[in-house]
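# Reading the structure
What follows is each chain in one-letter form.
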Amino acid sequence: MTLTADRPESAVSPSARPPGRLRSTVGLMTALGAAALLLALPPVDDGAPAGERIRTVESRWPAAQRADLAATLPDGSAYSPVHYLDVRSSLGTAPTPDGSALRLITRSADGTTRELRRLPLDLIPQFTGFTVAGGQVAWAETVADDDGLGRTEMWTAAVDAAAPARRVTADSGDVVFFNSQYDMVIEAGVLHWAAVAPGAEVATELRSAPLAGGPVQVRTEPGPWAMSARPWLVSAGSGQNGPVRLHNLATGQGLEVDATADEVVTCSPVWCRMLVLPGAEPARIDLVRPDGSDRRQVAGGMTAAAVIDVAVLDRFEVLSLAGAPDVAVASQRLMLYDERDRQTLVVAEGVGMVQCRDGMLWWSTGDNETATWHSLDLRSLT
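Residues numbered from 1 in each chain as written. Predicted model: local features only at pLDDT ≥ 70, side-chain atom pairs only at ≥ 80, totals over all residues. Heavy atoms only, no water.

## Some details on the sheet that holds strand 8 (residues 151-158)
To summarise the sheet geometry, strands pair through backbone hydrogen bonds and adopt either a parallel or an antiparallel arrangement. Across the sheet, four strands lie side by side as 6-7-8-9; this open sheet has antiparallel pairing. Of all strands in the sheet, those bounded by a partner on one side alone are strand 6 (126-133) and strand 9 (166-169). If you compare each strand with its neighbour and ignore which way they point, the axes differ by 30° on average. Here six bridges tie strand 6 to strand 7 (residues 136-143), and the two strands are oriented antiparallel to one another. (Pairing = 2+ DSSP bridges. Helix = DSSP H or I, 4+ residues; strand = E, 2+ residues; numbered from the N terminus. Axes fitted to C-alpha atoms, helices over the stretch in contact; angles between N-to-C directions.)

Put into C-alpha cells, the structure is as follows:
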C-alpha cells in the first residue's frame, strides 16, 4: 500500500479495528482514517512559551546518533526504508529499474546493498510486519490471488549473512497488522503474529512458528486482540471509545482502561494515549498509566500521534503537526514528547512519512526529486 507523504503513516488505536475478517491492508487503511481524524482537530494553545515550543532534539541531545540517507539507489530506483538495523543500516523496498518487480533489500552504512526477495509488481506485492532479533529478520509477504483477498507467507533471513531468504510458513491464517512494531515478534527463535479466527464468533488466533522450520502453533483467544509488548495483548474491538482491555498471556492478568464518550484510547502495558475529542473540553492528547494515574497533557489542537505505538521505549511519544493543506510537498513538524522530562522537542521540519520501530525513528523530507530519509536512535537520547 502506498502512503501519502504529507501525513503520518499511522495514528490509530487497535481498538478502532472493526470486527470480522481483515487483511493487513485493512489494518493500514484503518490507521490512515484515524490519522485524518486527529489532523482535523481544531487548534488549541497549550500556553507554553514560544521558546519552549521550538526547542529541538538536536540542541537538547547534541551527541544523539542520527544519519541521513539518499532516497535513490545507485541504479536510479526509489528506496523506502521499512526497518532500521542501526542508525545507518536499514532494510527497505525498491522497484527494479525496469519497473517489473518490487525488491526487498538491505542497505549497509557503506552503501552496499543485498537483495533478499523480489516479487512481480503485477501481483501487487507488500512486504510488511518487520521484526529483528538474534541476527534474524522476519517479515510477511502478501500477493494478490484469485479471490482478491491476497495470500500471505512468513519469511526470514540472516541480517549479516549471504544465505538466501527462507520461507517460514505459508500457513499464516487471516493475518491482521496495525503498522505496529508488535505486529510480528521474534522470541527465542520463534516468530509470533496474530490473525482473525474463522467462524461467526469474533476471536483472534495467536500464531507462532519456529524460524528454523516446523508446524504452526495456534492459540485462540475469544474476542478481537492485537499483540503488544510480550506477553501482553490489547483489545481491538469495534468501538473507537473505551474501555480498552489489556491481557497478560503468561499470568492471565487483565486490566481495563476506562474512557469517557469523548476519549479515544490506545494502550501499551505501561502507558495509554488518550485522544480527547472536541466537546466540553478542548481537544488534546494525554498520556496516562493504565491504572488511571499520572495523567498529563502531551499536546493539543492540530498535533497528532505520528505512530501507533504509545510512548516508544516507554518514554517518547512521537507527534506531528500538520502544515498547510494546500502544500504539495512534505510539510509536517515532527516532535517528541519526553515523559521523563515532561517536555516536547522538535525533531525536524518539512517532514513527510514517519515511522518508528525498536527505538529507531525515521522520516522523509523533500519531494520526489530531493527526497531524503533521516534516522534518529532514540536510545541515544540519554
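Still to come is the rest of the account.
## Describing the pairing of strand 17 (residues 244-248)
For strand 17, the tally of buried residues reaches four of five residues, placing the bulk of the element in the interior. Both strand 16 (residues 232-235) and strand 17 contribute to a ladder of three bridges, which runs antiparallel. Paired with Trp232 across the strands is Asn248, a residue of strand 17. If you look at the hairpin formed by strand 17 and strand 18 (residues 254-257), you'll find five residues sitting between the two strands, and Gly252 has a positive phi there, around 80°. (Buried < 20%, exposed > 50% of the residue type's maximum accessible area, 1.4 Å probe, protein only.)

## A look at the packing of aromatic side chains
In this structure the tally under the stated criterion is three aromatic pairs. Their ring planes at 25° and their centres at 6.4 Å tell us that Phe130 and Trp139 sit as a pair that is stacked. Across this residue pair, the class does not change: Phe130 and Trp139 are buried. Positioned over the ring face of Tyr79 is Arg107, at 4.8 Å from the centre of the ring. Cation over ring: Arg117 sits above Trp155, and NZ or CZ is 3.6 Å from the ring centre. (Phe/Tyr/Trp six-rings, centres within 6.5 Å; stacked < 30°, edge-to-face > 60°. Lys NZ or Arg CZ within 6 Å of the ring centre and 35° of its normal.)

## Brief notes about the state of the cysteines
Scanning the entire structure with this criterion turns up one disulfide. Here Cys267 connects covalently by a disulfide to Cys272, the sulfurs 2.0 Å from one another. Disulfide Cys267 to Cys272: torsion about the S-S bond roughly 105°, handedness right-handed. Accessibility assignment for this pair places Cys267 and Cys272 in one class, buried. (Disulfide = S-S within 2.5 Å.)

## Brief notes about the pattern of salt bridges
Across all of its chains, the model carries 21 salt bridges by this definition. Arg230 is paired through a salt bridge with Glu187; the nearest N and O atoms lie 3.0 Å apart. You can see Arg230 sitting in the loop between strand 15 (225-227) and strand 16 and its partner Glu187 sitting in strand 11 (residues 184-187), a full 43 residues away along the chain. By relative accessible area, Arg230 is classed as partly exposed at 31%. Judged by its relative accessible area of 37%, Glu187 falls in the partly exposed class. Across the pair Glu349 and Arg333 runs a salt bridge whose closest N-O atoms are separated by 2.8 Å. Residue Glu349 is found in strand 26 (residues 343-357), and its partner Arg333 is found in strand 25 (residues 332-338); the two are separated by 16 residues along the sequence. (Salt bridge = Lys/Arg side-chain N within 4 Å of Asp/Glu carboxyl O.)

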